[in-house]
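# Inside the fold
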Amino acid sequence: MPKFQYSAIRDNGERVSGEIEGQDRSAVLGRLGQQGLHPIEVQSAAQGGGSGRTLGFGRGVANFRDVSIFTRELAWLLRAGMTLNAALDVLAKEAFTKAFSALISTLRTEIRKGRSFHEVLADTGAFSHYYISMIEAGEASGTLPDVLERITVTREREQKIRNRLSSAMIYPSLLIVLAIGAVLFIMVSVVPSIKDMITGSGAPIPDSARFVIGVSDWIIANGMKVLFAAPVVAVLVYLILGGSRSQSALKSIAMYLPLIGSLLRKSAVVQFCRVFGTLLGAGVSLSDSLKLIKPSAGSRQIGRVIGEMEVALRQGENFFAPLERSNIFPKILARMLGVGNETGNLTASVVQVTEILEEELDRQVDRTLTLLEPGIILLLSGVVAFIITSLMSAIISINDLAL
């Protein structure tokens, strides 16, 4: 019986690959479905052995901006009437990084061997699950240029949100750095200069002044160790947990921070809605859309809610109920998607609610900045005032002793 090589996604979002026997490709697809796998690529093992597959070649060579530009320009070239092979030939000579240009050349070579576009994209490892699924839907329906433009719009809006959040955090981050620097300067330079006078006077030292002096002594004694140990600990955590796992853990923790956490939660929800609407608009089924979104969910909490939605959908229950129960997704999202699903306008409802949430995110960014900047200044002022009043209370006690 012929053997086929496959790449597929499990229900939990994990990507797997291997070899399976089957009468033909359709039979193999059926067997994989019975095993709870959702195929991305299935091809003859004989074909795969000599095709020069590039599995994993693209990992780390394509950043978000490169993929977005590639997608937009490929859509333009295909709309202009060029074939996919010719368009990739043109893009391989564009001013991308050397590694990404080589990746495009590899895509072109594999397509010339008769493989489909989504198959070779899956092999590279540089493109997300939902990106590949949308390309597959575009190839199957003959609307690849339209799908590429839809992906481009989604990525540009996602990048806009990222840039908005990054720009919004520059000034508060600068204030925090300056605040920490100012406090360290006081603790390392100012406090030691009056420490001997306070401790050598014989006067009782107030508890607050004793605390400030103790912190100053600890920073002076251990500051350099902490300075050198912190990067080492960060690298060890990264190596132990892995890049994606550590990043996901940090995101999950950051979502519970005051002010900033609310922004991150809203941004993750907007990203979920934008990708969800794009997949549905490209013709991807509801169940497959949820499976493809789950691996790239903005946080573990959102991934868990998506998993609950998948289970409810398979069991024929109200699959928007997990959204209503969640503390991350706004109530309006579940209500609008429920109405859209009942009226057969789910895609339009997702697009509409995404636009509403994006507008709310912009307003929330402005409100957060309005509160965050003076909040940081007040916090810094409070810390400095505590240090000064603590030291002054000790100095006053010396004067009282002299009198």
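Described in the following lines is the structure provided in the data block. (Residues numbered from 1 in each chain as written. Predicted model: local features only at pLDDT ≥ 70, side-chain atom pairs only at ≥ 80, totals over all residues. Heavy atoms only, no water.)

The number of helices and strands found in the protein chain is 16 helices and 3 strands. Out of the 403 residues in the protein chain, the part that is buried amounts to 43%. Intrachain contacts of the protein chain at a sequence separation of at least 6 include 62% that bridge at least 24 residues. Accessible surface, the protein chain as shown: approximately 20,700 Å² in total, 60% of it carbon and sulfur. (Helix = DSSP H or I, 4+ residues; strand = E, 2+ residues; numbered from the N terminus. Buried < 20%, exposed > 50% of the residue type's maximum accessible area, 1.4 Å probe, protein only. Contact = heavy atoms within 4.5 Å. Areas by Shrake-Rupley, 256 points an atom, 1.4 Å probe, with all protein chains shown as cover.)

The next thing to look at is the packing of helix α7 (residues 129-141) against helix α8 (residues 144-199). Their axes nearest at 8 Å, the elements α7 and α8 cross at an angle of 155°. By the angle between their axes, α7 is roughly antiparallel relative to α8. As α7 runs across α8, the sense of the crossing is right-handed. The residues of α8 that touch α7, namely those facing Y130, Y131, M134, I135 and G138, are L144, V147, L148, R150, I151, T154, R155 and E158. Its residues placed into classes, the contact of α7 with α8 shows 8 nonpolar, 2 polar and 3 charged. (Axes fitted to C-alpha atoms, helices over the stretch in contact; angles between N-to-C directions. Parallel < 35°, antiparallel > 145°, perpendicular 65-115°, else oblique. Left-handed = near helix turned anticlockwise from the far one by under 90°. Nonpolar A, V, L, I, M, F, W, Y, C, P; charged D, E, K, R; others polar.)

So, about the side chain of S390. Positionally, S390 belongs in helix α16 (residues 346-402). Given a relative accessible area of 1%, S390 falls into the buried group. A polar atom in the side chain of S390 sits 2.7 Å from the backbone oxygen of F386. (Polar contact = N/O pair within 3.5 Å; in protein donor to acceptor, adjacent residues only side chain to side chain.)

Okay, the packing of aromatic side chains next. Inspection of every chain in the model, using the stated rule, returns 7 aromatic pairs. Aromatic side chains F70 and F100 sit 5.9 Å apart centroid to centroid with 90° between the ring planes, which places their arrangement in the edge-to-face category. Residue F70 is located in helix α3 (residues 64-79), and its partner F100 is located in helix α5 (residues 98-112); the two are separated by 30 residues in the primary sequence. An aromatic cluster is present here, built from F70, F100, F127 and Y131 joined pairwise through their rings. (Phe/Tyr/Trp six-rings, centres within 6.5 Å; stacked < 30°, edge-to-face > 60°.)

Here helix α13 (residues 300-314) spans 21 Å end to end across 15 residues, near enough to the 21 Å set by a 1.5 Å rise per residue. Within α13 the residues assigned to the buried category are Q301, I302, G303, V305, I306, G307, M309, E310 and A312. Directly after α13, the chain includes G316, whose backbone phi takes a positive value near 75°. (Expected span 1.5 Å × (residues − 1).)

The next point concerns the environment of I151. Inspection of the secondary structure puts I151 in helix α8. Look at I151 and you get buried, because its relative accessible area is 0%. Among all residues touching I151, those that are not within four sequence positions of it are T71, Y131, M134 and I135.

Ranked by size, the top nonpolar core spans 74 residues in total, and within it F70, L74 and F117 carry the most contacts. Here this core gets 10 residues from one element, more than from any other, and that element is helix α11 (residues 260-281). Those residues in contact with F117, other than ones at most four positions away along the chain, are F70, L74, L84, L88, L107, I111, I135, E139 and L144. If you look at the next biggest cluster of nonpolar residues, it comprises 15 residues, including I198, I205, V212 and A394. (Core = buried A, V, L, I, M, F, W, Y, C linked by side-chain atoms within 4.5 Å.)

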